[in-house]
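The primary structure of each chain is shown beneath.
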Amino acid sequence: SITSAGYLKGNGIGDSQYSIIQKHLVVNGYVYEVKMKRKVEKDTENRLFFNAYPYPLVFNRWDRGYGFDYFNNGTWRLVQREGGIQTYLVPLTESAAIVPYGWNKLTIWTHGSEIHLWINEEYLGMFPSSTFDEGFVGIGMYMNQSDNPLLVDWATLEYSDTPPYPLP
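Now for a description of the structure that goes with this document. (Residues numbered from 1 in each chain as written. Predicted model: local features only at pLDDT ≥ 70, side-chain atom pairs only at ≥ 80, totals over all residues. Heavy atoms only, no water.)

**Digging into the overall build of the protein**
- A count of helices and strands for the protein gives zero helices and 13 strands.
- Seen in sequence order, the protein has helices and strands lined up from the N terminus as β-β-β-β-β-β-β-β-β-β-β-β-β.
- Put simply, the protein has 168 residues, and 48% of those count as buried. (Helix = DSSP H or I, 4+ residues; strand = E, 2+ residues; numbered from the N terminus. Buried < 20%, exposed > 50% of the residue type's maximum accessible area, 1.4 Å probe, protein only.)

Encoded structure:
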């Protein structure tokens, strides 16, 4: 739903996955950036899907593609799903760039066979992307209990041959 302040608000029953999809298929060579915050949950994921396909949904989880997660406990990870099986390309990793319970800007730049990630404009690194080079983008979350919303201030998606922020 959209709040009176204009935010996208995800909410629902507990112990479930929730997501929203951008309706157009994209291919590598784009910047996907989302500003979002989780008001309550500390140890459950807030996720950007990219180069991903939602169907068939398995336990409300997208079937295949990549996920860039952050948690209010100050950690993030990069996951790959294929056929409902999740593999951690980057396991839970701490980052001082994450603002617990505050607004966080997650940025993905897909370039050729590379994935570049930022949180709040802090570069997290480059990761090889040899499995998926097209798909959909979206936003998701896992909710332990009811009424623990994820708010989205804005999301942008644009094709770009240049990184959105300087690379080290």
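**As for the pattern of salt bridges**
- Throughout the structure, instances matching the rule amount to five salt bridges.
- Salt-bridge contacts for D69 lead to R77; the nearest nitrogen and oxygen are separated by 2.7 Å. The pair formed by D69 and R77 is uniform in burial state, with each residue classed as buried. (Salt bridge = Lys/Arg side-chain N within 4 Å of Asp/Glu carboxyl O.)

**Points about the nonpolar core**
- The biggest cluster of nonpolar side chains holds 29 residues, and the ones touching the most others in it are M36, L48, F50, F68, W76, L117 and I119.
- Apart from the residues within four sequence positions on either side, L48 is in contact with Y32, V34, M36, Y66, G67, F68, L106, I108, G138 and I139.
- Core analysis: the second largest hydrophobic core is formed by five residues, F49, A52, Y53 and W62 among them. (Core = buried A, V, L, I, M, F, W, Y, C linked by side-chain atoms within 4.5 Å. Contact = heavy atoms within 4.5 Å.)

**Quick look at unusual backbone geometry**
- With phi around 65 degrees, Y101 is a residue other than glycine that occupies positive phi space.
- In this structure, Y101 sits in the loop between β8 (85-94) and β9 (104-111).
- Positioned with a positive phi, E121 is a non-glycine residue whose angle comes to about 70 degrees.
- Mapped onto the secondary structure, E121 falls in the loop between β10 (114-119) and β11 (122-128).

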